[in-house]
Amino acid sequence: MIDDILGLGCDILEVDRLEGLLRKGRDVFIKRVLTPAEIDEYERRSDKSAIRGTLFVATRYCAKEAFSKAMGTGVGAEFSFQDLSVLNGDSGAPVLVYSERLQNWLQSRRAQARISISDEQNYVMSTVILYSKQ
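Residues numbered from 1 in each chain as written. Predicted model: local features only at pLDDT ≥ 70, side-chain atom pairs only at ≥ 80, totals over all residues. Heavy atoms only, no water.

A.B. asks: Outline the packing of aromatic side chains, supporting the account with residue identities and numerical values.
C.D. replies: In total, this model carries 4 aromatic pairs according to the counting rule given. Between the aromatic rings of Y61 and F81, the centroid separation amounts to 5.6 Å while the plane-to-plane angle is 35°, which identifies the pairing as tilted. Of the two residues, Y61 sits in helix α3 (residues 50–71) while F81 sits in the loop between α3 and β2 (84–88), which places them 20 residues apart along the sequence. Both residues of the pair, Y61 and F81, belong to the buried class. Look at F67 and Y98: their rings are 6.2 Å apart centre to centre, the planes differ by 50°, and that puts the pair in the tilted class. (Phe/Tyr/Trp six-rings, centres within 6.5 Å; stacked < 30°, edge-to-face > 60°. Helix = DSSP H or I, 4+ residues; strand = E, 2+ residues; numbered from the N terminus. Buried < 20%, exposed > 50% of the residue type's maximum accessible area, 1.4 Å probe, protein only.)

Structure representation (structure tokens):
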């Protein structure tokens, strides 16, 4: 049972836009946006198919933007791309792994998060809800 909705964030990204960013500086962008665990998964997916790697980066970037919007802070002083890993569980569903700093932020608000990620050929989108639960 949800007691209170603390924030809702949504982001959509055109895959072509991300490909342009990657052409300008792939390594710098990936190290800025992805955590080490996500980089391992990105490399595994990229080895199978370049587009699978690109979609992985796109969905993680989009998910983190949506998370920062749900927090109400945006990416900056209170939230860094490195504060959140978006991995996949055995079922394929996204699993959120928090840095200590983000975990403390969430605990101080008694907040929990749920995320939805979707990708199509040209777009990726993500929605995050932050809520409190007694």
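A.B. asks: Give a detailed account of the sheet that holds strand β1 (residues 4–14), specifying residues and quantitative values.
C.D. replies: Across the sheet, 3 strands lie side by side as β1-β5-β4; this open sheet has antiparallel pairing. In this open sheet, the two edge strands, each paired with only one partner strand, are β1 and β4 (111–119). Mean inter-strand twist for the sheet, computed between neighbouring axes without regard to direction, equals 10°. Pairing of β1 with strand β5 (residues 123–132) involves 10 bridges; the strand directions are antiparallel. In the sheet register, L13 faces β5, and the bridge partner there is V124. (Pairing = 2+ DSSP bridges. Axes fitted to C-alpha atoms, helices over the stretch in contact; angles between N-to-C directions.)

A.B. asks: An account of the pattern of salt bridges is needed here, citing residue identities and associated values.
C.D. replies: If charged atoms from side chains of opposite charge come close, those side chains can pair. Evaluation of the coordinates by the stated rule reveals 5 salt bridges. Measuring nitrogen to oxygen at the nearest pair gives 2.7 Å for the salt bridge that ties D11 to K69. With a gap of 58 residues between them, D11 in strand β1 and K69 in helix α3 connect regions that are remote in the sequence. Judged by relative accessible area, which is 12%, D11 ranks as buried. Accessibility expressed as a relative area gives 39% for K69, which makes it partly exposed. In this structure, the salt-bridge partner of R45 is E41, at a minimum N-O distance of 2.7 Å. With R45 and E41 both in helix α2 (residues 36–48), this residue pair falls 4 residues apart, about one helical turn. Salt bridges sharing partners connect three or more residues here, namely E41, R44 and R45. (Salt bridge = Lys/Arg side-chain N within 4 Å of Asp/Glu carboxyl O.)

A.B. asks: Give me helix α4 (residues 100–108): which residues, what numbers.
C.D. replies: Residues of α4 that are buried include every one of L102, W105 and L106, and no others. Across the axial projection of α4, the buried residues extend over an arc of 95°, all falling on one side. More than 90 degrees from the buried face of α4, the exposed residues found are E100 and S108. Packing partners of the buried residues in α4 comprise α3, β2, β3 (94–98), β4 and β5. The first or second residue beyond α4 is R110, which carries a positive phi of 50°. (Arc of directions from axis to C-beta. Contact = heavy atoms within 4.5 Å.)

A.B. asks: Requested: an account of the nonpolar core, with residues and values cited.
C.D. replies: The biggest cluster of nonpolar side chains holds 18 residues, and the ones touching the most others in it are L13, L18, F29, I30, L34, V57 and V124. Those elements that provide at least two residues to this core are α1 (15–33), α2 and α3. The contact partners of L18, leaving out residues within four places of it in the chain, are L13, F29, T54, V57 and A58. (Core = buried A, V, L, I, M, F, W, Y, C linked by side-chain atoms within 4.5 Å.)

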